[in-house]
Amino acid sequence: MEKMKGCVFCEAKLNKGEAIFETENFFVNIGVGLVAPGHMMLIPKRHYDCCADIPRDLRPEFDGAAKLIFGKIKKVFGAPFLVEYGVFGQSVSHAHLHFIPKERRGTAHYPAYEIRDVFEEIKIPNDIAPHPASWETAAAMKKRHGGYVFLKDKDRAVLFERFEQELSYRRFFNHQLTLKDIPARWQDITEEQKKIDAIKKEITKSRFKF
Ligand SMILES: [Zn+2]
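Residues numbered from 1 in each chain as written. Predicted model: local features only at pLDDT ≥ 70, side-chain atom pairs only at ≥ 80, totals over all residues. Heavy atoms only, no water.

Quick notes on the coordination of the zinc ion
Reference geometry at the metal: tetrahedral coordination by four donors gives ideal angles of 109.5 degrees; octahedral coordination by six donors gives 90 or 180 degrees.
Part 1 of the reasoning: Coordination of the zinc ion by the protein comes from C7 (SG), C10 (SG), H47 (ND1) and H94 (ND1), over a distance range of 2.0 to 2.3 Å.
Part 2 of the reasoning: Relative to the metal, the four donor atoms surrounding the zinc ion lie at angles of 104 to 116°, and the coordination shape comes out tetrahedral. (Donors = N, O, S within 2.8 Å, 3.2 Å for Na, K, Ca; no water. Tetrahedral: all angles 85-135°; square planar, octahedral: opposite > 155°, others 65-115°.)

See below:
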């Protein structure tokens, strides 16, 4: 599908105006309710429900862009972890891969945090078995179970074939780390959080330049 009506990532404003980086078929956008400065998303310009639906011939471009963005975030803000809700728990039904820095320096507006190992700290329940990630496995999982969750930290990239609350990065930051500047759902962002969000956004934009 080229564009989907009512989809926020298909809208021209986000697709073109707010992109901080783009390639022929993908763009990078800063969302709402940033976890930290440097938190951003890699998004296809055309509408796909999840990254597993991205056509095979576009995957090298996607992987290349992801690698470039990872390196840039690592250099400017600190190494990120990656997460994609491949339909499960996804709040916008248009593929988007999150890059979230594992550390942030605190300011007057928000406290600092540092995560060493996402897999340990996010406390994935033992009964959820992770599968080594590949495009093929993600596509097969979507076909079989209707979705997947993708998580990558350091050299470990895995897929989960079902969604649990514990895998929600918002829940992790908001409930587990009790960082109150991060909304539990981006739709529920408060006026106070919006002000802090604007600061994080500004830092991201000003420092993330190609
Ligand atoms: Zn869309």
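What to know about the pattern of salt bridges
Part 1 of the reasoning: Tallying each qualifying case throughout the model produces 14 salt bridges.
Part 2 of the reasoning: Here D153 ties to K102 by a salt bridge, and the two come within 2.9 Å at their closest N and O atoms. Of this pair, D153 sits in strand β9 (residues 148–153) while K102 sits in the loop between β5 (97–101) and β6 (103–104); the two residues are 51 residues apart in sequence, bridging distant segments of the chain.
Part 3 of the reasoning: For K154, the salt bridge is made with D117, and the minimal N-O distance between the two is 3.8 Å. Of this pair, K154 sits in the loop between β9 and β10 (156–160) while D117 sits in the loop between β7 (113–114) and α3 (118–121); the two residues are 37 residues apart in sequence, bridging distant segments of the chain.
Part 4 of the reasoning: Bridged by salt links that share partners, the residues R56, R59 and E136 form one connected network. (Salt bridge = Lys/Arg side-chain N within 4 Å of Asp/Glu carboxyl O. Helix = DSSP H or I, 4+ residues; strand = E, 2+ residues; numbered from the N terminus.)

Details of the sheet that holds β10
Within a sheet, neighbouring strands are paired by backbone hydrogen bonds and run either parallel or antiparallel to one another.
Part 1 of the reasoning: The strand order across the open sheet built from eight strands is β1-β2-β3-β5-β4-β9-β10-β8, with neighbouring strands paired in antiparallel fashion. Sheet topology places β1 (21–22) and β8 (131–132) at the edges, where each strand pairs with a single neighbour.
Part 2 of the reasoning: Relative to β5, strand β3 (residues 40–44) runs antiparallel, the two being bridged by three bridges. Bridging across to β5, M40 finds its partner in F99.
Part 3 of the reasoning: The sheet strands contacting helix α5 (residues 169–176) are β4 (80–86) and β5, and the helix crosses β4 at an angle near 120°. (Pairing = 2+ DSSP bridges. Contact = heavy atoms within 4.5 Å. Axes fitted to C-alpha atoms, helices over the stretch in contact; angles between N-to-C directions.)

Here we look at the side chain of H98
Part 1 of the reasoning: By secondary structure assignment, the location of H98 is in strand β5.
Part 2 of the reasoning: H98 sits in the buried class, given a relative accessible area of 6%.
Part 3 of the reasoning: A polar side-chain atom of H98 sits 3.0 Å from a polar atom in the side chain of H39.
Part 4 of the reasoning: Not counting residues up to four positions away in its chain, the partners in contact with H98 are H39, M40, M41, F81, L82, V83 and Y169. (Buried < 20%, exposed > 50% of the residue type's maximum accessible area, 1.4 Å probe, protein only. Polar contact = N/O pair within 3.5 Å; in protein donor to acceptor, adjacent residues only side chain to side chain.)

A few points about unusual backbone geometry
Part 1 of the reasoning: Of note in the backbone geometry, V87 takes a positive phi value of approximately 85° without being a glycine.
Part 2 of the reasoning: Structurally, V87 can be placed in the loop between β4 and β5.
Part 3 of the reasoning: Looking at V87, the relative accessible area reads 31%, which means it is partly exposed.
Part 4 of the reasoning: In this structure, K123 takes a positive phi of about 55° despite not being glycine.
Part 5 of the reasoning: Within the fold, K123 resides in the loop between α3 and β8.
Part 6 of the reasoning: Judged by its relative accessible area of 55%, K123 falls in the exposed class.

Remember that the coordinates give geometry; whether it matters functionally is a separate question.
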